[in-house]
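Fold and geometry: a report
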Amino acid sequence: MNREPATLAERHAALRARIDAAARRFDRDPASIRLLAVTKGQPWTAIRDARVLGQRAFGENYLQEAQRKIQALAGADVEWHFIGPLQANKTRQVAAQFAWIHSLDRERVARRLSEQRDPALGPLQACIEVNVSGEASKSGVAPADLPALAAQVAALPGLALRGLMAMPAPGGDFQSQRAGFAVLARLFEDLRARGLGLDTLSMGTSQDLEAAIAEGATIVRVGTALFGPRRADG
Ligand SMILES: *Cc1c(COP(=O)(O)O)cnc(C)c1O
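Because the structure is a prediction, the values reported are computed rather than measured.

**Things to note about the overall build of the chain**
- A count of helical and extended segments in the chain gives nine helices and eight strands.
- Taking all 234 residues of the chain together, the buried fraction comes to 50%.

**Topic: helix α1 (residues 8-25)**
- A rise of 1.5 Å per residue sets the reference length of α1, with its 18 residues, at 26 Å; its end C-alpha atoms lie 25 Å apart and thus fit the reference within 8%.
- Buried residues of α1: L8, H12, L15, I19, D20, A22 and A23, and no others. Seen from one end, α1 has its buried residues packed into an arc of 160 degrees, which puts them on one side. Residues of α1 that are exposed and point over 90 degrees away from its buried face: R24 and R25.
- Contact partners of the buried residues in α1: β1 (34-38), α2 (44-52), α8 (209-214), β8 (219-222) and α9 (224-227).
- Of the residues flanking the end of α1, it is D27, one or two places downstream, whose phi is positive at about 55 degrees.

**What to know about the layout of surface pockets**
- Taken as a whole, the largest pocket holds about 520 Å³ of empty space.
- K40, N61, M167, T205 and R221 are, among the 28 residues lining the largest pocket, the residues nearest its centre.
- Each residue belonging to the lining of the largest pocket can be placed in one class, and the counts come to 12 nonpolar, 11 polar and five charged.

**With respect to the site of the ligand**
- Among the 13 residues in the neighbourhood of the ligand, the closest are listed as K40, N61, S206, G223 and R230.
- K40 is positioned with one of its side-chain polar atoms (N or O) 2.7 Å from an oxygen atom of the ligand.
- Within the backbone of G223, one N or O atom sits 2.8 Å away from an oxygen atom of the ligand.
- Isolated, the ligand exposes 390 Å² of accessible area, and the fraction of that covered by the protein chains is 90%.
- The cavity that encloses the ligand is the largest pocket.
- Residues of the shell around the ligand, tallied by class, amount to five nonpolar, five polar and three charged.

**Describing the pairing of strand β4 (residues 100-104)**
- Most of β4 sits inside the fold, with five of its five residues counted as buried.
- One ladder, built from two bridges, connects strand β3 (residues 79-82) with β4; its direction is parallel. Following the sheet pairing, H81 is matched in β4 by W100.
- Taken together, β3, helix α4 (residues 91-97) and β4 constitute a β-α-β crossover, and its handedness is right-handed.
- Inspection of the sheet shows β4 paired to strand β5 (residues 124-129) by three bridges, in the parallel sense. Opposite W100, over in β5, you have Q125 as the bridge partner.
- Between the parallel elements β4 and β5, the chain passes through helix α5 (residues 107-116) in a crossover that is right-handed.

Rules of the game
Residues numbered from 1 in each chain as written. Predicted model: local features only at pLDDT ≥ 70, side-chain atom pairs only at ≥ 80, totals over all residues. Heavy atoms only, no water. Helix = DSSP H or I, 4+ residues; strand = E, 2+ residues; numbered from the N terminus. Buried < 20%, exposed > 50% of the residue type's maximum accessible area, 1.4 Å probe, protein only. Expected span 1.5 Å × (residues − 1). Arc of directions from axis to C-beta. Contact = heavy atoms within 4.5 Å. 1 Å grid on protein atoms, 1.4 Å probe; cavity = no way out; pocket = protein on both sides within 12 Å on 5 of 7 lines; lining within 4 Å. Points joined across faces, edges and corners; volume = space filled by probe spheres on them. Nonpolar A, V, L, I, M, F, W, Y, C, P; charged D, E, K, R; others polar. Near = heavy atom within 4 Å. Polar contact = N/O pair within 3.5 Å; in protein donor to acceptor, adjacent residues only side chain to side chain. Areas by Shrake-Rupley, 256 points an atom, 1.4 Å probe, with all protein chains shown as cover. Sits in = over half its atoms within 2 Å of the grid points. Pairing = 2+ DSSP bridges. Right-handed = clockwise from strand over helix to strand, strands pointing away.

Take it as geometry only, folks, not as evidence of what the structure does.
Rendered as structure tokens:
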């Protein structure tokens with residue numbers, strides 16, 4: 001009876017049950033935690049199949065790979081989230097094609113996204129990525145530089161600053177995972193205390209979503225637990 005979920009439908013249901021169980025365990029409302037399905041290294045058909053199951057938000061890390069899938073799924077009711085590193089010369093596609101960016105970590109990129117965003121689309125929903133594990137990660141703003149960047153982003157008309165994102169160094173036991181997410185949660189509360197109206201903590205993946213939920217995650221970003229191993233190029 002205890003076999004691994006075999007189909008995407010079974011894995012999707014099992015993942016949602018895992019999120020809901022973690023929410024209840026830590027006195028959270030399960031409805032306050034969104035699942036972002038991460039599809040880097042997965043074919044566009046995986047997105048199509050997950051959409052049929054009711055999954056609507058999908059996260060991509062690489063622009064070229066994302067664009068192939070966005071084209072293949074043109075017209076589908078999908079909410080695209082950009083979660084990877086973004087160079088300043090690639091902002092135009094993100095401004096045009098995505099609803100969210102989770103990986104903002106430089107003012108220059110934020111300014112370009114804001115300028116390039118078509119007002120008819122409404123503001124691009126944005127999270128600032130914070131480097132909570134020091135030298136172990138190259139992406140994300142240093143915690144000391146976060147308040148200034150957050151103030152700059154919050155003032156941009158084409159962006160709606162929603163919160164913070166982090167990708168702590170993988171591995172570790174539950175308590176050490178939790179400690180990394182607690183750093184982000186603390187920074188989030190500090191910004192809210194300064195008057196920024198943030199409501200989103202994007203943290204937790206296949207390996208550590210329970211620890212993230214314990215520390216207040218409102219979006220968990222899950223790839224392999226839902227879709228299985230990645231291919232080199234989706
Ligand atoms: C790949 C990725 C994920 C998903 O990781 P899994 O281990 O596949 O669940 C989440 N967030 C970011 C930023 C990623 O690059």
